[in-house]
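Survey of secondary and tertiary structure
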Amino acid sequence: MNTTGRIHSWDLSTGVDGPGTRFVLFTSGCPLRCLYCANPDTWHMRDGKEATVDDVMAEIDKYRAFVTTSGGGVTLTGGEPLLQPAFTGEVLRRCKQTGLHTALDTSGFLGTRATDELLADTDLVLLDIKSFDIGTYRRLTGGELAPTLSFATRLDRLGVPVWIRYVLVPGWTDDPEAVDGLAGFVAGLRNVDRVDVLPFHKLGAHKYEALEIPFPLRDTPVPDPDLTERVREQFREHGLKAF
């Protein structure tokens, strides 16, 4: 097969999108509208460029030696990769077949679109859980929390390794009770290797300006180190490795 998908871009990263140096493929299209999104230019599939899986693999092959010697691999992110499950699944399969470590960065909102076969070709899921409070999740993303939690329990059942990602936004995701609830839920999963508490930033603000759309959290402060450490410590109190 040589499935066609729509992609925004690709990049190389180290220590952010999975272990080692990663070839990171940004797919186009996302069903959520997170208020803190740093990539509003990936929201719509129509704004991406068409590419086949062969095209993607040819680009990956240019960096194969570089990423493998670092203990890295390939990460699919977005946007939301599960908006294009056939394309995403084939890229993961082809990478896996050629010995590359594979990672899928997802909100889990479209987790039902991930087949067991797709997940079998995924060495690591970077699961973004935006909030553990149902109302906050809806206001923050425009979506519902339940599909993500269901996907998390399914990954646990399948034994797929997971890194939880939690974006810390003052006034939105710093509520101690909600953080503690999420930490308790995550601690009940057997497949979570770590929790990354990611401080909210405004590095994507210029993209909103270029697209001539308002950045909803323009006036929201970034979290200070003390707040970030408090939230990380809440996860650690539940026996989790938090960074």
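To keep things clear, this report deals only with the structure shown in the data block.

What counts and what doesn't
Residues numbered from 1 in each chain as written. Predicted model: local features only at pLDDT ≥ 70, side-chain atom pairs only at ≥ 80, totals over all residues. Heavy atoms only, no water. Pairing = 2+ DSSP bridges. Helix = DSSP H or I, 4+ residues; strand = E, 2+ residues; numbered from the N terminus. Axes fitted to C-alpha atoms, helices over the stretch in contact; angles between N-to-C directions. Contact = heavy atoms within 4.5 Å. Salt bridge = Lys/Arg side-chain N within 4 Å of Asp/Glu carboxyl O. Buried < 20%, exposed > 50% of the residue type's maximum accessible area, 1.4 Å probe, protein only. Parallel < 35°, antiparallel > 145°, perpendicular 65-115°, else oblique. Left-handed = near helix turned anticlockwise from the far one by under 90°. Nonpolar A, V, L, I, M, F, W, Y, C, P; charged D, E, K, R; others polar. Core = buried A, V, L, I, M, F, W, Y, C linked by side-chain atoms within 4.5 Å. 1 Å grid on protein atoms, 1.4 Å probe; cavity = no way out; pocket = protein on both sides within 12 Å on 5 of 7 lines; lining within 4 Å. Points joined across faces, edges and corners; volume = space filled by probe spheres on them. Patch = residues over 30% accessible without salt bridge, like charges linked within 9 Å, V, L, I, M, F, W, Y side chains within 5 Å. Areas by Shrake-Rupley, 256 points an atom, 1.4 Å probe, with all protein chains shown as cover. Lys, Arg positive; Asp, Glu negative; His and termini not counted. Charge placed at Lys NZ, Arg CZ, Asp CG, Glu CD.

1. A short note on the sheet that holds strand β2 (residues 21–27)
- Spatially, the 8 strands line up as an open sheet ordered β3-β1-β2-β4-β5-β6-β7-β8, and their pairing is mixed. The open sheet is flanked by β3 (49–52) and β8 (192–199), the only strands paired with a single partner. The sheet shows a mean angle of 30° between the axes of neighbouring strands, taken without regard to direction.
- Bridge count for strand β5 (residues 101–106) against strand β6 (residues 124–128) is 4 bridges, and the pairing is parallel. Bridge pairing in β6 places Ala103 opposite Leu124.
- In the packing of helix α6 (residues 146–158) onto the sheet, contacts are made with β5, β6 and β7 (162–168), and the angle to β6 comes to roughly 155°.

2. Considerations on the pattern of salt bridges
- In this structure the tally under the stated criterion is 16 salt bridges.
- For the salt bridge of Asp105 with Arg165, the shortest nitrogen-to-oxygen distance reads 3.1 Å. Of this pair, Asp105 sits in strand β5 while Arg165 sits in strand β7, and the two are 60 residues apart along the sequence.
- Its relative accessible area of 7% is what places Asp105 among the buried residues.
- What makes Arg165 buried here is its relative accessible area of 7%.
- In this structure, Arg154 and Asp116 form a salt bridge, with 2.7 Å as the shortest nitrogen-oxygen distance. Here Arg154 is found in helix α6, whereas its partner Asp116 is found in helix α4 (residues 116–120), with 38 residues between them in sequence.
- Among the ionic contacts, a cluster of salt bridges with common partners joins Asp54, Glu90, Arg93 and Arg94.

3. Brief notes about the packing of helix α1 (residues 53–62) against helix α3 (residues 85–97)
- Across the interface, α1 lies against α3 with an axial gap of 10 Å and an inter-helix angle of 40°. In this view, α1 runs oblique relative to α3, as classed from their interaxial angle. In terms of crossing hand, the pair formed by α1 and α3 is right-handed. Across from Val53, Asp54, Val56, Met57 and Ile60 in α1, the residues of α3 making contact are Phe87, Glu90, Val91, Arg94 and Cys95.
- When grouped by side-chain class, the residues that make up the contact of α1 with α3 number 7 nonpolar, no polar and 3 charged.

4. Describing unusual backbone geometry
- Residues Gly78 and Gly79 are joined by a peptide bond in cis, for which omega reads 15°.
- Examined against the element boundaries, Gly79 turns out to sit in the loop between β4 (73–77) and α3.
- In this structure, Glu212 takes a positive phi of about 60° despite not being glycine.
- Its place among the elements puts Glu212 in the loop between α8 (205–211) and α9 (225–236).

5. As for the nonpolar core
- The biggest cluster of nonpolar side chains holds 65 residues, and the ones touching the most others in it are Val195 and Phe235.
- With residues up to four places along the chain from it excluded, the contact list for Phe235 reads Tyr166, Val179, Leu182, Ala183, Val195, Val197, Leu240 and Ala242.

6. Notes on the layout of surface pockets
- By volume, the largest pocket is sized at about 1,100 Å³.
- Considering the residues around the largest pocket, the lining is formed by 42 residues, among which Ala38, Asn39, Asp105, Arg165 and His201 are closest to the centre.
- Counting residues per element, the ones that place at least two in the lining of the largest pocket are β1 (4–14), β2, β5, β7, β8 and α8.
- Element by element, the count of residues in the lining of the largest pocket is highest for β1, at 5 residues.
- For the lining of the largest pocket, the per-class residue count stands at 17 nonpolar, 14 polar and 11 charged.

7. Some remarks on a negative patch on the surface
- Residues Asp133, Asp175, Glu177, Asp180 and Glu237 make up a contiguous surface patch of negative charge.
- Assignment of secondary structure puts Asp133 in the loop between β6 and α5 (134–141).
- Judged by its relative accessible area of 34%, Asp133 falls in the partly exposed class.

8. As for the packing of helix α7 (residues 176–187) against α9
- Look at α7 against α9: their axes get within 9 Å of each other, and the N-to-C directions meet at 35°. α7 and α9 meet at a crossing whose hand is right-handed. Here Pro176, Val179, Asp180, Leu182 and Ala183 of α7 lie close against α9, whose contacting residues are Arg230, Val231, Gln234 and Phe235.
- For the contact of α7 with α9, the class distribution of residues is 6 nonpolar, 1 polar and 2 charged.

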